[in-house]
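Here is what each chain is made of, one letter per residue.
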Amino acid sequence: MSNNWNQPPKSDPSDQNHKVPRSGLLSNYRQNPSAQQPPAQQSPMQRQNPPSLGLPSQHQNPPSSGLPPQHQNPPSSGLLSRHNVGRQLPASSSAQPPQQLQRWVSGAMDKVRGWSGKMGTVYGYTREPAPPPMTLYRTPEEFSPSRSQPWKRSRVLRLNMQRRLHRERFGAKGFTPGRLWTGIALALLVVLILAGSSTSVYAYDYYQQQLPQVQSLANKNISQTSHIYDRNMTLLYDAYDTNGAGRRTPISYNDIPQVMQTAQIAIEDRTFWTNSGVDYQGIVRNIPGYLSHNITGGGSTLTQQLVKNLRNNASENINRKISEAALAIGLTQQYPKTKILEMYMNVSPYGAQDLGVEAAAQDYFHLKPICTQNFKCTPAISQLDYNQATHKHDPILALARASLLAGMPQNPPLNDPTRGASNLKRALDRQQQVLDAMVKYHFGLTLSGPPITQAQAQQAEAMTAKMKFSYFSHAKRDPHFVDWVESELEVSLGNGNPEAGVVAFLNGGYNIRTTIDANLEQFVENAVHRHLDQPEWQQFPTQHLATLSQDNNLNDAAVVVMNTHDGEILAMDGSANYNDTNPLVGGSYNAADPLTEGIGTGRPVGSTFKPIVYATAFQMGWYPGMVLPDVKTYFPDGAGAGTPANPHDAYQPNDYNNQFSNRITTVREALADSYNVPAVKTLQFVGMDNALNNAHLMGVTTLNSILTTCRKKNPNATPRNCGLGDATVLGSSNDTVLQMTGAYQTFANQGVHVPYQGVLDIWDNYGHNLFHFNPNQVQGTRVFSPQVSYMMNSVLGDEGARYPEFLTDHDLSFWDWPGNGCTQTTAPNATFDGCQLHQVAAKTGTSDKFKDNWTIGYTPNIAVGVWAGNANDAAMTNGPVGVTGAGPIWHSVMEFASGLACVGGQDASGVPCPRQPSRKELGIGTNDLFPSPPPGIVLASTSSTNGLAPTGNAGMQDWMWAGQEPTIAGLTPVTTPPNGGGKGGNGGNGGNGGH
């Protein structure tokens, strides 16, 4: 059977003379049986599975058309259906001749199709061309060739029939107002039907145009707050874009208490569970506002508000409302209501800086998520009924908190109770509206429980009125380390470009478990403040009471604590006060690791560089007992062999205060007492390239960076051409506390260097582990043999060998550790000076003009590096050196981290002690003694005069390579008293080798 909707118009002139239909104006249209059956209605809650959008499997298998079920295969009923041509209207619906009505109806339908086509064109869609107008269907008999002339009544008969029909229709009285209004009503009905049809076409087209946004909105990557924790999951910082909308931590539907759900639904969308995504009654209520372009809100469902927030569209106009409605219907068709409510509570603002209900629960009520070590968290919002004061669960407290939160999305900035008294009043007024709605519409504390009573609502209001709300403080705990971790992660996320990684980090929702211990970090900060800003006894050059910041112009310090086995950073303090803007302090400037600011940054490291050069000499066959006299010496400074010495051109380093010890010293004494001339002799022996190579393998990259940058300009440049001359061994070049501490970690780890590590784990906000650091799988680099490391440890741990220079200052040892057994001697000792319970090794350094103090040392378990000075490079006064400036800070931190218990809430020097972390918490070992001497080295006697075999019993014992013991007797030892020794050596000419 043909479809009359698509039939071409008839052109036969006899068409004007056909018979009048007998039963209705459209009775002769071809009937479609299916048009008489209404389509099956589908409940909004009975949806087919939506497309796969990264949701769980129950949301897969989309409809083939990509549209919600009710939009697939448009129903056969409806005015615009092509199969609806047989739909009959009452014969009395119009007095117009059937042909005129047919022409008018078909014209209107063409107009509707024209509108639809224009709408589709505007939105980029191409619709099918409009079908030809409807025409009456005629049977073949009506067009039979045998009938050449149609039958026609006479004119008189036709007029009489018209008069009779007129009298029958209007009665004896003829025309009446009632009949007029009936006709008008019927005409309006036809117009409304046609208008509704055009609206349906528009809606369908618009829905098709908007539908792709449904998937993109549902999959939208919303910004999420990143959280930084210490190793024991103590929160250090919430990282988010402070120039953006605020903090957000996503939660799942199962975490939202039912009282929170009912409160939110009661005030915003009480038909949420049953509507199709749009509240038509709400739309009708707001029609006056739409027409006047003065929309003030209201009428939008939760789903529409979700769409608005996802699109970040705050405009109030009819176009936005229409698009929101279309998208809300689409979301409702594709997602369960539980998912929509979850998205709403994660996306909606609940305060001036709180995105999502979880951030608000943490901000307003100071509730905290409860997380396991694997970051499986119970969100704060799930604890709305928990009373932190009584440690009990209170349903009325939950109602008070939930009703306050539910009122926030209406106007988050003005309803934020932390923003002053007026805001608090508005928040409480809005809470009252929420509670009134819950009572009025019979909402309970649970979805299926009894409705709350007016008395319960009043209890909740009274409870909230007593709450105290404080403004969210964007403070950092352990700020220098937090900044450092952020910069490291931004570089990683940006594939080497930190600027590209900033957005990813601030919006990525990462949960970073770092390596530091918050309690140890707090002690480090306390120690810096105590030793810089409070008076204490100084042991050198004579005992005297002094305050470093006031008496020595020493105002800043940086500290790093590191696990020697796996490189974990246990503490990092970059300045004396993060918030101090004094140029001498530097505030937020991280003196512990400023390498991000360019090559060569950092501070001159002084004599702390010497052990790297001496260890290289041990690697090449030297040993601690070799003789290196500390006497005035001129070095050719790169001139060829045989060049006559010229004091004006040669390099002549000095010791502390431009003096020399004038002693026949050994390597052990020269390094322990930090003499400069023996150090330069050692560098001359090993060569600059070997020294720089080992330094690089130990993690000191700044020197190689200087060399590489220099050789880009001159490929044939030598280290000396690039500024790395003999003074390099005295620490004239810059480096950082972090890298130098990592270098000393190599000695403590028996010659194996491991890179420093600041992060243990990274999770996303859904509990997926993205990164895990396994300390048992650390890949180290062998730099020195265990024999070389042991010899270096024995030198740097020899308290007795330091006596000629350090006298009674014991800050580089554990002399005050109860029962440790340390003794003070005047002779070199190879057994760590009798400290057989806790052993420690250390080295100090002071740069030229007393601008930098250093102390770096280690135990078998931890390495600690300290720099002290001024952030703006100002010189210190009254000559403080490493053992008096950085040394006291180092001593306190080293003993606390090693487990020496505090007495009366402070250490022996008066540093306030927080809770002391255990070794297990720090992840460090339990062995406090360095390993036993490895095979390959032996204790042998040598002459203290020339290092050969001793004469008789005169000599000293020290470690040396097995098989290299001297066999030729030397001279009788001659004891030369110190001649103006002191605390270190001023290297002169660019290098200061001080203590």
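Please refer to the structure higher up on the page.
A brief report on the enclosed structure follows. This is a predicted model, so every value here is computed, not measured.

Here the focus is the pattern of salt bridges. For the structure on display, the rule yields 20 salt bridges. For the salt bridge of glutamate 342 with lysine 339, the shortest nitrogen-to-oxygen distance reads 2.9 Å. Of this pair, glutamate 342 and lysine 339 both sit in helix α9 (residues 337-347), three residues apart, which is roughly one turn of the helix. Here glutamate 669 and arginine 663 are joined by a salt bridge, their closest N and O atoms 3.0 Å apart.

On to the sheet that holds strand β16 (residues 769-772), then. Pairing in this open sheet of five strands is mixed, and the strands run β2-β1-β7-β15-β16 from one edge to the other. Both edges of this open sheet fall to β2 (235-239) and β16, since each of them pairs with a single strand only. Here the average twist between neighbouring strands, direction ignored, is 15°. Bridge count between strand β7 (residues 510-514) and strand β15 (residues 759-764): five bridges; the pairing is antiparallel. Counted as the bridge partner of threonine 514 is valine 759 from β15. Packed onto the sheet, helix α16 (residues 498-507) meets β1 (226-229), β2 and β7 and runs at close to 95° relative to β7.

Right, let's talk about the packing of helix α10 (residues 357-365) against helix α11 (residues 395-406) for a bit. α11 packs onto α10 with a crossing angle of 120° between their chain directions and a minimal axis gap of 11 Å. Accordingly, the angle class assigned to the pair α10 and α11 is oblique. Classified by chirality, the crossing of α11 by α10 is right-handed. Side by side, α10 and α11 meet where Val357, Ala360, Tyr364 and Phe365 of the first sit next to Arg401, Leu404 and Leu405 of the second.

Okay, the packing of aromatic side chains next. In this structure the tally under the stated criterion is 14 aromatic pairs. Judged by centre distance (4.0 Å) and plane angle (5°), the ring pair of phenylalanine 523 and phenylalanine 896 falls under stacked. On the criterion of sequence distance, the pair formed by phenylalanine 523 in helix α17 (residues 518-533) and phenylalanine 896 in helix α27 (residues 887-898) is long-range, its members being 373 residues apart. Owing to a relative accessible area of 0%, phenylalanine 523 belongs among the buried residues under this scheme. Ring pairs connect the aromatic residues Tyr744, Phe747, Phe784, Tyr858 and Phe930, which therefore count as one cluster. The positively charged end of lysine 337 is found above the aromatic ring belonging to phenylalanine 272, 4.7 Å away from the centroid. Above the face of the tyrosine 237 ring, lysine 476 is positioned so that its terminal group lies 5.1 Å from the ring centre.

Glancing now at the pairing of β7. Within β7, five of the five residues are buried, which leaves the element mostly enclosed by the surrounding structure. With burial as the criterion, each face of β7 is covered, one bearing Tyr510, Ile512 and Thr514 and the other bearing Asn511 and Arg513. Sheet analysis places β1 next to β7, joined by three bridges and oriented parallel. Its bridge partner being in β7, isoleucine 228 is matched across the sheet by isoleucine 512.

A word on the state of the cysteines. Under the definition given, this model contains three disulfides. Between the sulfur atoms of cysteine 371 and its disulfide partner cysteine 377 the distance amounts to 1.9 Å. Disulfide cysteine 371-cysteine 377: the torsion about the S-S bond is 110°, which places it as right-handed. Take cysteine 377: its relative accessible area is 30%, and that puts it in the partly exposed class. Between cysteine 710 and cysteine 722 runs a disulfide, and the two sulfur atoms are separated by 2.1 Å. Linking cysteine 710 and cysteine 722, the disulfide has an S-S dihedral of approximately -80° and is accordingly described as left-handed. Linking cysteine 710 in helix α23 (residues 702-713) with cysteine 722 in the loop between α23 and β13 (734-735), this pair joins segments that are twelve residues apart in sequence. Taking the relative accessible area as the measure of exposure, cysteine 722 reaches 13% and is therefore buried.

All right, on to the packing of α17 against α27 then. Two numbers describe how α17 lies on α27: the axes approach to 9 Å, and their chain directions differ by 155°. With respect to α27, the element α17 is oriented roughly antiparallel. For α17 against α27, the interelement crossing comes out right-handed. Mapping the contact onto sequence places Asn519, Leu520, Phe523, Val524, Ala527, Val528, His531 and Leu532 in α17 and Pro888, Ile889, Ser892, Val893, Phe896 and Ala897 in α27. In the contact of α17 with α27, the residues fall into eleven nonpolar, three polar and no charged.

Thresholds, definitions, all that
Residues numbered from 1 in each chain as written. Predicted model: local features only at pLDDT ≥ 70, side-chain atom pairs only at ≥ 80, totals over all residues. Heavy atoms only, no water. Salt bridge = Lys/Arg side-chain N within 4 Å of Asp/Glu carboxyl O. Helix = DSSP H or I, 4+ residues; strand = E, 2+ residues; numbered from the N terminus. Pairing = 2+ DSSP bridges. Axes fitted to C-alpha atoms, helices over the stretch in contact; angles between N-to-C directions. Contact = heavy atoms within 4.5 Å. Parallel < 35°, antiparallel > 145°, perpendicular 65-115°, else oblique. Left-handed = near helix turned anticlockwise from the far one by under 90°. Phe/Tyr/Trp six-rings, centres within 6.5 Å; stacked < 30°, edge-to-face > 60°. Buried < 20%, exposed > 50% of the residue type's maximum accessible area, 1.4 Å probe, protein only. Lys NZ or Arg CZ within 6 Å of the ring centre and 35° of its normal. Disulfide = S-S within 2.5 Å. Nonpolar A, V, L, I, M, F, W, Y, C, P; charged D, E, K, R; others polar.

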